[in-house]
Amino acid sequence: NAGVTQTPKFQVLKTGQSMTLQCAQDMNHEYMSWYRQDPGMGLRLIHYSVGAGITDQGEVPNGYNVSRSTTEDFPLRLLSAAPSQTSVYFCASSFGSGLGELFFGEGSRLTVL
Amino acid sequence: SQQGEEDPQALSIQEGENATMNCSYKTSINNLQWYRQNSGRGLVHLILIRSNEREKHSGRLRVTLDTSKKSSSLLITASRAADTASYFCATDGAGGYQKVTFGIGTKLQVIP
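The text that follows walks through the structure, step by step, so that each part is easy to find. (Residues numbered from 1 in each chain as written. Chains lettered and ligands numbered in written order. Predicted model: local features only at pLDDT ≥ 70, side-chain atom pairs only at ≥ 80, totals over all residues. Heavy atoms only, no water.)

What about unusual backbone geometry?
With glycine set apart, most residues show a phi of negative sign, and most peptide bonds adopt trans. Omega for the peptide link from Thr7 of chain A to Pro8 of chain A comes to -5°, which places this bond in the cis form. In this structure, the amide linkage connecting Asp7 of chain B to the following residue, Pro8 of chain B, adopts the cis form with an omega of 0°. For Pro8 of chain B, the position within the fold is in the loop between strand E1 (5-7) and strand E2 (10-14). One non-glycine residue, Asn28 of chain A, lies in the positive phi region at around 60°. For Asn28 of chain A, the location among the structural elements is in the loop between strand E3 (19-25) and strand E4 (31-38). Take Asn28 of chain A: its relative accessible area is 54%, and that puts it in the exposed class. A positive phi is found at Lys70 of chain B, a non-glycine position, where the angle reads about 50°. Locating Lys70 of chain B in the fold gives a position in the loop between strand E7 (61-66) and strand E8 (71-76). Judged by relative accessible area, Lys70 of chain B falls into the partly exposed class, the value being 29%. (Helix = DSSP H or I, 4+ residues; strand = E, 2+ residues; numbered from the N terminus. Buried < 20%, exposed > 50% of the residue type's maximum accessible area, 1.4 Å probe, protein only.)

Right, here's the structure in full:
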């Protein structure tokens with residue numbers, strides 16, 4: 001049972017490049033979400049999804065796109081990377097509507113030069 | 001803005017001592033959760049307490065919730081060096097009950 005898998009673990013981008021952070025879970029969880037973690041800021045919610053085809057914005061959605069075509073996958077897209085998006089990104093999933101225990105991936109460390 | 005705020009931001013204790021961390025939040029909640037994060041790793045769920053509960057125990061962990069004061073505390077008894085980690089509270093309710101938001105965390109160091 002792999003849980004929540006994030007790829008890549010590390011990525012370096014140049015300003016203006018695009019990329020997708022992948023997140024997959026094998027627990028049949030309806031709820032999935034993306035957070036970014038910055039020093040002194042804790043975790044901030046970027047986007048979340050309560051099921052396939054349903055997504056919504058969190059606290060800091062600007063510069064990020066998501067889609068949820070399957071229950072298992074919830075990719076996070078950066079269309080035009082900026083240095084301010086340098087961060088560690090965490091994907092999490094939960095059974096049901098997200099009010100219960102969140103299962104986290106190991107994180108993706110992104111540096112934008 | 002973040003819903004929860006932990007206090008203190010850093011705590012250093014000797015092995016065997018108890019560690020207490022506090023969390024305050026701003027809006028009404030359904031649940032409050034505590035998570036642990038080891039350096040460079042993802043967060044791991046420790047305990048969930050519902051808004052109609054006042055206290056919950058799990059092993060060496062004790063969590064209290066005071067909804068009138070909008071605050072919670074996490075007590076780790078008989079701490080071990082392996083408890084060294086950052087601890088976060090997470091709440092729903094700010095901007096919608098499906099938005100789970102985290103505080104900035106308490107960094108706990110347990111000295112052997």
